[in-house]
Amino acid sequence: MSDPAPDVEVAEAVHRTAEDIGSMEIRGAATIAAAAAEALGAQADASDADSPAAFRAELRAAARILYDTRPTAVSLPNALRYVFRDVDGRTVEDLRESVHTSVAEFCDRLDTAQSDLGRMGANRLRDGDTVMTHCHSTDVLACVETAVEQGKSLSAYVKETRPRNQGHITAEALSEMGVDVTLIVDSAARRYLNDVDHVLVGADSIAADGSVINKIGTSGLAVNARDRGTPIVCAAQTIKLHPETLTGHTVDIEMRAEEEVVDEETAADIGDPTVLNPAFDVTPPRYVDAIVTERGQYPPESIVTLMRELFGESTSDPWAEP
Ligand code: RI2
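Not measured: the values here are computed from a predicted model. (Residues numbered from 1 in each chain as written. Predicted model: local features only at pLDDT ≥ 70, side-chain atom pairs only at ≥ 80, totals over all residues. Heavy atoms only, no water.)

Draft legend 1. Fine view of the domain arrangement of the protein. Partitioning the protein into structural domains gives domain 1 (12–116) and domain 2 (118–311). Its C-alpha centre places domain 1 at a distance of 26 Å from the equivalent point of domain 2. Contact with domain 1, which involves 22 residues of that partner, is made by 32 residues of domain 2. Summing both partners gives a buried area of about 2100 Å² for domain 1 against domain 2, and 49% of it is carried by carbon and sulfur. Among the residues domain 1 hides against domain 2, the three largest losses belong to T72, Q114 and D116. Together they make up 29% of the total. For R119, the salt bridge goes to D116, with nearest N and O atoms at 2.5 Å. The interface formed by domain 1 and domain 2 holds 19 residue pairs in polar contact (both at pLDDT 80 or more) in total. Within the residue set of the side of domain 1 that touches domain 2, elements represented by two or more residues are helix 2 (29–46), helix 4 (75–85) and helix 5 (92–124). Examining the composition of the side of domain 1 that touches domain 2, we find that 6 residues originate from one element, helix 5, more than from any other. In terms of residue class, the side of domain 1 that touches domain 2 is built from 10 nonpolar, 8 polar and 4 charged. (Domains from an automatic or database assignment. Contact = heavy atoms within 4.5 Å. Buried area = accessible area lost by both parts, 1.4 Å probe. Salt bridge = Lys/Arg side-chain N within 4 Å of Asp/Glu carboxyl O. Polar contact = N/O pair within 3.5 Å; in protein donor to acceptor, adjacent residues only side chain to side chain. Helix = DSSP H or I, 4+ residues; strand = E, 2+ residues; numbered from the N terminus. Nonpolar A, V, L, I, M, F, W, Y, C, P; charged D, E, K, R; others polar.)

Draft legend 2. Here's a closer look at the environment of H100. In this fold, H100 is placed in helix 5. Overall, H100 belongs to the partly exposed group, its relative accessible area being 30%. Residue contacts for H100: discarding those within four places in its chain leaves G41, A44 and D45. (Buried < 20%, exposed > 50% of the residue type's maximum accessible area, 1.4 Å probe, protein only.)

Draft legend 3. Quick look at the site of the ligand. The full set close to the ligand counts 19 residues, and R27, T138, D204, N214 and K215 are the nearest of them. Within the side chain of N214, one N or O atom sits 2.6 Å away from an oxygen atom of the ligand. A distance of 2.9 Å separates an oxygen atom of the ligand from a polar atom in the side chain of K240. Compared with its free state, where it exposes 450 Å², the ligand has 100% of that area covered by protein. Listed by contribution, the elements that provide at least two residues to the shell around the ligand are helix 2, helix 6 (138–149) and strand 6 (212–215). Lining the shell around the ligand are residues from two domains, each supplying at least three of them: domain 1 (12–116) and domain 2 (118–311). (Near = heavy atom within 4 Å. Areas by Shrake-Rupley, 256 points an atom, 1.4 Å probe, with all protein chains shown as cover.)

Draft legend 4. Up close: the packing of aromatic side chains. Throughout the structure, instances matching the rule amount to 3 aromatic pairs. Between the aromatic rings of Y67 and W319, the centroid separation amounts to 4.2 Å while the plane-to-plane angle is 15 degrees, which identifies the pairing as stacked. Residue Y67 is located in helix 3 (residues 52–67), and its partner W319 is located in the segment after helix 11 (303–311); the two are separated by 252 residues in the primary sequence. Using a relative accessible area of 26% as the deciding quantity, one classes Y67 as partly exposed. The cationic tip of R85 hangs over the ring face of Y82; the distance from NZ or CZ to the ring centre is 4.5 Å. (Phe/Tyr/Trp six-rings, centres within 6.5 Å; stacked < 30°, edge-to-face > 60°. Lys NZ or Arg CZ within 6 Å of the ring centre and 35° of its normal.)

Draft legend 5. Here's a closer look at the packing of helix 2 against helix 3. Across the interface, helix 2 lies against helix 3 with an axial gap of 10 Å and an inter-helix angle of 150 degrees. The pairing of helix 2 with helix 3 is recorded here as roughly antiparallel in orientation. When the axes of helix 2 and helix 3 are compared, the crossing they make is right-handed. Residue-level contacts link A36, A39, L40, Q43 and A44 of helix 2 to F55, E58, L59, A62, A63 and L66 of helix 3. Taken together, the residues of the contact of helix 2 with helix 3 sort by class into 9 nonpolar, 1 polar and 1 charged. (Axes fitted to C-alpha atoms, helices over the stretch in contact; angles between N-to-C directions. Parallel < 35°, antiparallel > 145°, perpendicular 65-115°, else oblique. Left-handed = near helix turned anticlockwise from the far one by under 90°.)

Draft legend 6. Examining helix 6 more closely. Over its 12 residues, helix 6 extends 16 Å from the first C-alpha to the last, a length consistent with the 16 Å expected when each residue adds 1.5 Å. Considered for burial, the residues of helix 6 that qualify are D139, V140, L141, A142, C143, V144, T146 and A147. Turning to helix 6, the residues buried within the fold contact helix 5, strand 1 (130–133), helix 7 (167–177), strand 4 (198–201) and strand 7 (232–235). Where helix 6 begins, one side-chain oxygen reaches toward the backbone nitrogen of D139, 3.2 Å away; that side chain belongs to S137. Phi turns positive one or two residues past the end of helix 6, at G151, with a value near 95 degrees. (Expected span 1.5 Å × (residues − 1).)

In structure tokens:
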């Protein structure tokens, strides 16, 4: 995507947020969405545009910088679309205010969606159950937290999730909730699946056919879970539904730096192999038992009906030049 026109001012806060999303200082699909929306609010605040057209051009340029950070989690473009949808006004002041209203409404809806989803997901969990987690998903944690608040006692096998070990964040969060946590290396998952009542994963994007795009390793886990007969549930707010897949687009899988897998010195010691580091993979719908959203629980194959209802058949790209 092209750089914004050189005369368009983009706030420092937007560049900082974009860098933090790119480096995964800010990560997790829902967290990225909130940060991107808030960065548009910061852009509106920082703007000294002298006309509504100039204000809109700046906002578009900011959105483009945010959009370009990570390609897989659709919550990011969906957040940008949401904020732009309600930006309206005849003066710069009106526009600024409408950005703030829209950002606040978006962030409120994210919070509400996550707690509604948490209640749905908690209904699946029974007192004494054991779950297995992959990576770190705030939507998954919302389900477990609600179940714990309902008085259910839970145990968890937490996969460490190489290469970035986000499982450590999950382990800490679950321990703080009072869940009995066992940390395992990723390749030990199959060994313990017989002891597990539910595999719980999040999503970065969900395609119209019900495929779940989530942290690398999810698809292998799902195939193993199916083989063992362990139900696998994806907890994903509707902001993770990828509307462009309705019209045949595919979801880009982000490739990240080799250094996340092996440092330069070690790579040199082992003969400098080619290193591939895909951040996500695609789990076909036949390996997923249910997708839990704030709008209820869906068999993956029927998520398309919800996607149509919420997004229609076409999407806008507010970060693109008009
Ligand atoms: P929540 C994460 O991606 C994981 O893949 C996780 O399952 C997903 O986002 C959803 O996270 P990354 O940003 O929105 O760590 O449920 O690459 O928090």
